[in-house]
Each structure stands twice: as structure tokens, then as C-alpha cells.
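Single-letter residue listing:
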Amino acid sequence: MGIEAVRAREAAHFLPVVNRLPVALAEGRGSRVRDTDGREYLDLTAGWGVCAIGHCHPELVEAICEQAGRLMQTTNLFYTLPQLDLIEKLAALTDNALPRVFLVNSGTEAVDGALKLAHRATRRTKFVSTENSFHGRTLGALQVIGQAKHREPYAALLRAPHVVPYDDLAAAEAAIDEETAAFVVEPVQGEGGVNVPRDGYLAGLGKLCRAKGALLILDEIQTGIGRTGRWFEWEREGVAPDVMTLGKGLGGGVPIGAFLCSEDVAKTVSLGDHGGTYVGNPLVCAASNAVLRVAERDRLVARSEELGARLGERLAAFAAEHPALCTGSRGRGLLRGLVLADADRAAQVPRRAIERGVLVNVTAGRVVRFFPALNIPEDELWSALDTVLAVVSS
Ligand SMILES: Cc1ncc(COP(=O)(O)O)c(C=O)c1O
């Protein structure tokens, strides 16, 4: 079925809250996807940073099929081994700095869980967060989101926000007080424009929070699971948060999120504090276990750091050669952004790249974002990059 036919059918029933691009995807394998007309694209979006090990990795597909034929869903009242394996593995990946894990169905639910936990642990109600941050779209996450366009339409349902500039310790210090339950922050802002803070920011936030008895919640939903060249970006400064949220790459394509916390925080919860029909069901946990197994065996975290550094060099060189088009580039690992000077030109990039067989995203108005699968073959990465740079410069 061609794109026009798909569009016409969808127009009758889809709630129009998403501005779609003119492609209907039908298949994916690795970093290549195919549309309903059979046209192929190189995918630099990896399903919004989700497909960490590529589309339909055979081991992921096999794990899902195998688990689907065995047991998909239980009530959360029962133990299951896939869930046990996953929470043990996640705790181990934090070196047991965050030994307590609760699984949920999405990133935004992980943020909600983290906020509830911080309230439980501190009995306080004030949350401080950062300008341009993105934490999800449920009402809990909207309470701390730093982007007015998402928050404002629902402001009547929310409390007054406490939002400070990102990467600004003085502003954080002024905002964190004895009423603050937690400071909520992304270690690198993803949706906000791939913003990388200065060294020492996260460690500094940790100190500020401790001094006031507040918690530090790191939202690693986009940065975690190797995306920025570490299992979790906080490893770079060696300072674990009190609570961490995960999502996206954790499931490699199945809907799963998690929040993890220290033993001190965990002590404050009571039975019944959180739950959910599907949370941690065996199907998604088996998928997630497969993602982590492949990522570890194939050393994809180190690859993200190394290949990402080379991608960063190429973007920096391009930006330096085209000062009229680009104001810079930034990022960590395989989360990279090329900052265009002109928002109108940036807005055209995804459609023009599609015409040339590449899927790429623009975020925060002017930032062309690269967040491919961590195992994207090098020739595909460089070929897709050449295409995007040609689009930007033409
Ligand atoms: C940092 C961060 N937090 C939270 C979310 C929300 O995750 P989800 O869309 O799975 O609810 C996102 C999604 O882009 C994100 O990037």
C-alpha cells in the first residue's frame, strides 16, 4: 500500500496529535528499514533511540518468540525468572550502587515512579528540574518537564514548576532547599538539543542535594544502556544518583522502563506503593535480557564511545568547514547533534533526507540528532552521514 493510501485511511481515525513524516514503515533489519512500497532507508533514529541492537536482531526476536510461547503475562503477585534475571542484571550493571529495581512500561512511567519514590523518601513535595528538559508526557513527568510547549497546555492540572537553567550549579543551589524532594535532570539532555553539561555538573548536583536532604534523580532514559558510551552516563563522573530512570534502549523495541534506587531510598517504601498490570511481565523482561546480553557480549557500550567519538569528529569538522550553516556540534557516544544556524533549513532536513533514503531527526528546532543503533555497521553510518551532510549543505 502506498503512502497516500495509508495517509487517507489514517486521517479518518488517528487522533491528530502527531505530525507524521511521509513514510509508512513495514520492515526493519539492523539499521535498515523498508517502507510499504519496498523502498529502503538507513535509520539514524533507531526508533527514537530505542533499537539499541538494531531492528529485529535475531537474538531479540528469538527471545521474544521463545518467551511468547512459554509465558507472556502473570499478575505481578508471582515471581518470574525473566524479571528476576533482569533486575539482578541491572543492579549489577550499577555495581550495586542502585541495588533496588522496579520495572514499568515506559520512560514516563519510570519518571513518575521516581518522583513518587522521592516524595516517599523525603516527605517533601518540591521538585526542581532544568530548562529544555524532557521527562515524558504523563502528569507526573509534565510536573518536571522543562519545555513549556508540553507543559503549558496542562498547566491547570499541575503545581507551579521550579525550573532552572541546565548546567548551572549556582542556579541549582539557589533552587534546592529544605522543601525539595529531588532535583531531576538528564545527564545529557536529549530532546532539549543534545546538551552536554560541563564536567563536574552531576557531581556538584549530588553534593547540593545531599546538603539539603534532597535526592538526585538522574533521567537516563535516553542516555542509558550504552547510548552515550557508558552503561549509564553518571559513570563518567563516578557519582551514582539516589534514583535513576531507564527506558528506550533497555527494551530494544518492547515497551519497558525501570527506576532504580539506593538501599537508603528503598527503605522508605511500603507494600502497595507502586504497581501495574503489565509491569515487568515475562515477555518484555525476556526481550530486555536479550538486549543486555547482546550489548555486553558484542561490547556495544565501548563501541558507542569509540564510534561516537569518530562521528563527533566528523560533525565538528563539518561544522568548522560550514560556519554559515552550522553553529557547532555536540554529544557523547552515539548521541550526537549538529546545530544548524537556520531553523527553517533544519525543519526541512528530515523530509529531504527521506527522499535520499535516510531517516534522521531534528530536535529543539535546529539540532540534527544522530542516535543510531549501537551496532550500526560503519559503512552504513558513514553513508547515512554523508547523505545528511549533503542535505544540510545543499
Ligand atoms: C530523557 C527522557 N525521559 C523520559 C522520556 C519519556 O519516555 P517515554 O516516551 O518512553 O515515556 C524520554 C523520551 O524521549 C526521554 O528522552
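Residues numbered from 1 in each chain as written. Predicted model: local features only at pLDDT ≥ 70, side-chain atom pairs only at ≥ 80, totals over all residues. Heavy atoms only, no water.

Participant: Please clarify how the pattern of salt bridges should be interpreted in this entry.
Facilitator: The final tally for this structure, using the stated rule, is 23 salt bridges. As a salt-bridge pair, Arg32 and Glu40 come within 2.7 Å of each other at their nearest N and O atoms. Across the pair Glu296 and Lys89 runs a salt bridge whose closest N-O atoms are separated by 2.8 Å. With Glu296 in helix H11 (residues 282–297) and Lys89 in helix H4 (residues 81–93), this residue pair connects regions lying 207 residues apart in the sequence. Judged by its relative accessible area of 39%, Glu296 falls in the partly exposed class. Taking relative accessible area as the criterion, Lys89 reaches 25% and is therefore assigned partly exposed. In the salt-bridge network here, residues are joined through shared partners; they are Asp199, Arg230, Glu233, Arg236, Glu305 and Arg332. (Salt bridge = Lys/Arg side-chain N within 4 Å of Asp/Glu carboxyl O. Helix = DSSP H or I, 4+ residues; strand = E, 2+ residues; numbered from the N terminus. Buried < 20%, exposed > 50% of the residue type's maximum accessible area, 1.4 Å probe, protein only.)

Participant: Looking at this structure, how should I read H4?
Facilitator: In an α-helix, one turn spans 3.6 residues; hence positions three or four apart end up facing the same way. When the terminal C-alpha atoms of H4 are compared, their 18 Å separation across 13 residues agrees well with the 18 Å that a helix rising 1.5 Å per residue should span. Where H4 is concerned, the buried positions are Pro82, Gln83, Leu86, Leu90, Ala91 and Leu93. Each buried residue of H4 sits inside an arc of 160 degrees when the element is viewed along its axis, so together they form one side. The outward face of H4, more than 90 degrees from its buried face, is lined by the exposed residues Leu81 and Glu88. At its buried positions, H4 is contacted by helix H3 (58–68), strand E4 (100–104), strand E9 (243–246), strand E10 (257–261) and H11. (Expected span 1.5 Å × (residues − 1). Arc of directions from axis to C-beta. Contact = heavy atoms within 4.5 Å.)

Participant: What's the story with the packing of aromatic side chains in this structure? I'm lost.
Facilitator: Under the defined criterion, the tally for this structure stands at four aromatic pairs. With a centroid separation of 6.3 Å and 70 degrees between ring planes, the pair formed by Trp48 and Phe371 is classed as edge-to-face. Taken together, the residues span a long stretch of sequence, with Trp48 in helix H2 (residues 46–49) and Phe371 in the loop between strand E15 (367–370) and helix H14 (378–393) at a distance of 323 residues. In this structure Trp48 comes out as partly exposed when scored by relative accessible area, which is 38%. For Phe371, a relative accessible area of 0% translates into the label buried. (Phe/Tyr/Trp six-rings, centres within 6.5 Å; stacked < 30°, edge-to-face > 60°.)

Participant: I'm lost on the site of the ligand in this one. Help?
Facilitator: Near the ligand you find Ser106, Gly107, Thr108, Phe134, His135, Gly136, Glu186, Glu191, Asp219, Ile221, Gln222 and Lys248, and these make up its full shell. With respect to the ligand, the side chain of Asp219 contributes an N or O atom lying 2.7 Å from a nitrogen atom. In this structure, Lys248 approaches the ligand through a side-chain N or O atom, which is 3.0 Å from an oxygen atom. About the coverage of the ligand: the protein hides 83% of its 390 Å² of free accessible area. In terms of residue class, the shell around the ligand is built from two nonpolar, six polar and four charged. (Near = heavy atom within 4 Å. Polar contact = N/O pair within 3.5 Å; in protein donor to acceptor, adjacent residues only side chain to side chain. Areas by Shrake-Rupley, 256 points an atom, 1.4 Å probe, with all protein chains shown as cover. Nonpolar A, V, L, I, M, F, W, Y, C, P; charged D, E, K, R; others polar.)

Participant: How should I be thinking about the side chain of Ser262 in this particular structure?
Facilitator: Position of Ser262 among the secondary structure elements: in the loop between E10 and helix H10 (263–266). Since its relative accessible area comes to 14%, Ser262 is described here as buried. Once residues within four sequence positions are removed from consideration, Ser262 is found in contact with Ala97, Leu98, Pro99 and Asp242.

Participant: What's the story with the side chain of Ser288 in this structure? I'm lost.
Facilitator: Counting through the fold element by element, Ser288 comes out in helix H11. By relative accessible area, which is 0% here, Ser288 ends up buried. Excluding residues within four positions of it along the chain, Ser288 makes contact with Leu86, Leu250, Gly251 and Ile256.

Participant: Would you mind going over the sheet that holds strand E14 (residues 361–363) with me for this structure?
Facilitator: By way of backbone hydrogen bonds, the strands of a sheet pair with one another, either parallel or antiparallel. Spatially, E11-E12-E15-E14 is the arrangement adopted by the four strands of the open sheet, whose pairing is antiparallel. On the outer flanks of this sheet lie strand E11 (326–332) and E14, each paired with one strand and no other. On average, each strand axis in the sheet is inclined to that of its neighbour by 25 degrees, with strand direction left out of account. The pairing of strand E12 (residues 335–340) with E15 spans four bridges and is classified as antiparallel. (Pairing = 2+ DSSP bridges. Axes fitted to C-alpha atoms, helices over the stretch in contact; angles between N-to-C directions.)

Participant: Help me understand the pairing of strand E8 (residues 215–219), please; the structure alone is not making it clear to me.
Facilitator: The side chains of a regular strand alternate, first on one face of the sheet and then on the other. Of all five residues that make up E8, five are buried, and the element is covered over most of its length. Burial along E8 is two-sided: Leu215, Ile217 and Asp219 facing one way and Leu216 and Leu218 facing the other are all buried. The parallel pair strand E7 (residues 180–185) and E8 is bridged by helix H9 (residues 201–212), and the resulting crossover is right-handed. Note that E8 and E9 share three bridges and pair parallel. Considered in E9, the bridge of Leu218 is made with Met244. (Right-handed = clockwise from strand over helix to strand, strands pointing away.)

Participant: For this particular structure, what's the right way to read the packing of H3 against H11?
Facilitator: For any two helices packed against each other, the geometry comes down to the angle between their axes and how far apart the axes lie. The geometry of H3 relative to H11 is characterised by a closest axis approach of 9 Å and an angle of 155 degrees between their N-to-C directions. Taken together, H3 and H11 sit at an angle that is classed as roughly antiparallel. Note on packing geometry: the crossing formed by H3 with H11 is right-handed. Residues Glu59, Leu60, Ala63, Ile64, Gln67 and Ala68 of H3 form the contact with H11, whose own contacting residues are Pro282, Leu283, Ala286, Ala287, Ala290, Val291, Val294 and Arg297. A class-by-class count of the residues in the contact of H3 with H11 yields eleven nonpolar, one polar and two charged. (Parallel < 35°, antiparallel > 145°, perpendicular 65-115°, else oblique. Left-handed = near helix turned anticlockwise from the far one by under 90°.)

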